[in-house]
Amino acid sequence: TVQNPASPGTLNKTTVPMDDNSTITLTITPVEPTYTHKAVWTLGTQSIAQDIPAENTTTLTVPREWNEQVPNAVSATASVTLETYKDGVKIGEKVYPFTVTVPDDVVPTIGSFADTLVSNGVPASITKYVQNYSKVNLDITGAQGALGSTITNYAITGGGFNATTASTTFGPLPNAGNIVFAAAVTDTRGRQASTSLTIVVQPYSKPSLLDASIFRSDINGTAQDDGNFSRHKATAVFSSIDGQNTIVLEGRVYPKGGTPGAYTAMSSAIPAVLGGGLLMAYQTYIGEILITDA
């Protein structure tokens, strides 16, 4: 009968996290009292050697840096090799595997997530997001893996849009109000980090005219069938865009079939008497009111 001269050992646990705090203990039963022992704890390219003290036990506090040996998973198989020495000469060894796990707090970081207004034809004087016009550029910058992992996937969603890149442009934005965009990154361990931001989209619709009216009048704006003036009045209706939008209200009158002249400025809801008294009683005229916003 051939016996392995190496002393046997036992581990007090089969699984331990790599968190700089958790421990695992190896207990040795020496084959001979004079034998000495050494433990070599190994994961990947990392190893820690320990001489076994007289009480025949040794304990490893599992280093956090060992997580770098497991960049693509949340657990791995490590081992401890128990070496036996007689008179300083190694006479055998035994290997005991155990499982190491990546702690729950080892997760990627998302860095920063920011939005930038894309005007998409809206004047530069309007710095707000405008419904059905503005676009938004969204950027994830500085995302990093943790202790050896790397970022493999990006996701940006919100407002009915989605993208799988670190930078994207959504729009035109169809809905007004608070729009929440979420960003997430996934690393090679399958772990995620996420954040979000909110933009405010101002409601917008084309300007319009309320209670618009145009008729012949006298110089005071009083209706007159054969009047030599044209009385224009309308209330301007437009989207404020948080006070940044403006309108121009104008009116003009010209002979039907003739060349239109220049517009004259008007004020909302205030009558304007146009034509300069030159309208002829038996001539047909075209009257117009125009509203234009920024």
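Just so you know, these numbers come straight off a predicted model, no measurement behind them.

(A) Highlighting the sheet that holds strand β19 (residues 247–255). Pairing is antiparallel in the open sheet, where 3 strands are placed in the order β20-β19-β22. The open sheet has two edge strands, β20 (264–265) and β22 (285–293), and neither has a second partner. As defined by bridge partners, β19 adjoins β22 across 9 bridges and the pair is classed as antiparallel. Each bridged residue has a counterpart across the sheet, and for Glu250 the counterpart in β22 is Leu290.

(B) Summary view of the sheet that holds strand β14 (residues 167–170). Across the sheet, 3 strands lie side by side as β9-β11-β14; this open sheet has antiparallel pairing. The strands lining the two open edges of the sheet, one partner per strand, are β9 (112–118) and β14. Each strand axis lies, on average, 20° off the axis of its neighbour in the sheet, ignoring direction. Two strands pair when backbone bridges link them, and strand β11 (residues 135–141) and β14 are joined in this way by 4 bridges, in the antiparallel orientation. Residue Val136 lies in a different strand from β14, and its bridge partner there is Phe170.

(C) Structural detail: the pattern of salt bridges. Applying the stated criterion to the full structure yields 6 salt bridges. Of the charged contacts, one joins Lys90 and Glu83 as a salt bridge, the two residues approaching to 3.6 Å between their closest N and O atoms. Residue Lys90 is classed as partly exposed on the basis of its relative accessible area, which comes to 39%. Across the pair Glu93 and Lys90 runs a salt bridge, and its minimum N-O distance is 2.6 Å.

(D) Expanded view of the nonpolar core. Counting 23 residues, the largest nonpolar core has Trp41 and Val100 as the members making the most contacts within it. Put simply, the parts of the chain that give this core at least two residues each are β3 (23–28), β4 (36–43), β7 (75–86) and β8 (89–101). For this core, the element with the highest residue contribution is β7, accounting for 4 residues. In terms of nonpolar packing, the next biggest core, distinct from the first, is built from 19 residues, Phe181, Ala183, Val185 and Ile199 among them.

(E) The arrangement of the side chain of Asp187 in detail. Tracing the sequence through the fold places Asp187 in strand β15 (residues 177–187). Among the polar contacts made by the side chain of Asp187, one reaches the side chain of Ser149 at a distance of 2.9 Å. With sequence-adjacent residues up to four places away left out, Asp187 is seen in contact with Pro108, Ser149, Thr150, Ile151 and Thr152.

(F) Quick peek at the pairing of β4. Pairing analysis gives 7 bridges linking β4 to β7, with the strands arranged antiparallel. Paired with Lys38 across the strands is Glu83, a residue of β7. Bridge count between β4 and strand β5 (residues 46–51): 6 bridges; the pairing is antiparallel. From the neighbouring strand, Val40 faces β5, where its bridge partner is Ala49.

Analysis parameters
- Per chain, the residues get numbers from 1 upward, laid out in the order the sequence is written.
- It should be noted that, the model being predicted, local features are given only for residues of pLDDT at least 70 and side-chain atom pairs only at 80 or more, the latter also being counted only at that level, while totals for whole chains, interfaces and linings use all residues.
- As a rule here, side-chain values cover all heavy atoms of the structure and leave hydrogens and water aside.
- Here, a strand pair is defined by DSSP locating no fewer than two bridges between the strands.
- Working definition: helices are DSSP H or I runs of at least four residues, strands are E runs of at least two. Numbering for both runs from the N terminus.
- Every axis corresponds to a line fitted to the C-alpha atoms, with the helix fit spanning only the stretch in contact, and the corresponding angles, defined between N-to-C directions, vary from 0 to 180 degrees.
- The rule for a salt bridge is simple: a side-chain nitrogen of Lys or Arg has to be within 4 Å of a carboxyl oxygen of Asp or Glu.
- The rule is simple: take the accessible area with a 1.4 Å probe, protein chains only, and divide by the maximum for that residue type; under 20% is buried, over 50% is exposed, in between is partly exposed.
- Among the buried residues, those of types Ala, Val, Leu, Ile, Met, Phe, Trp, Tyr and Cys that are joined through side-chain atoms within 4.5 Å form a nonpolar core.
- Any N or O atom pair separated by 3.5 Å or less is treated as a polar contact, with the protein-specific requirement of one donor-capable and one acceptor-capable atom, and with residues adjacent in sequence counted only for side-chain atom pairs.
- Here, two residues are considered to be in contact whenever any of their heavy atoms come within 4.5 Å of each other.

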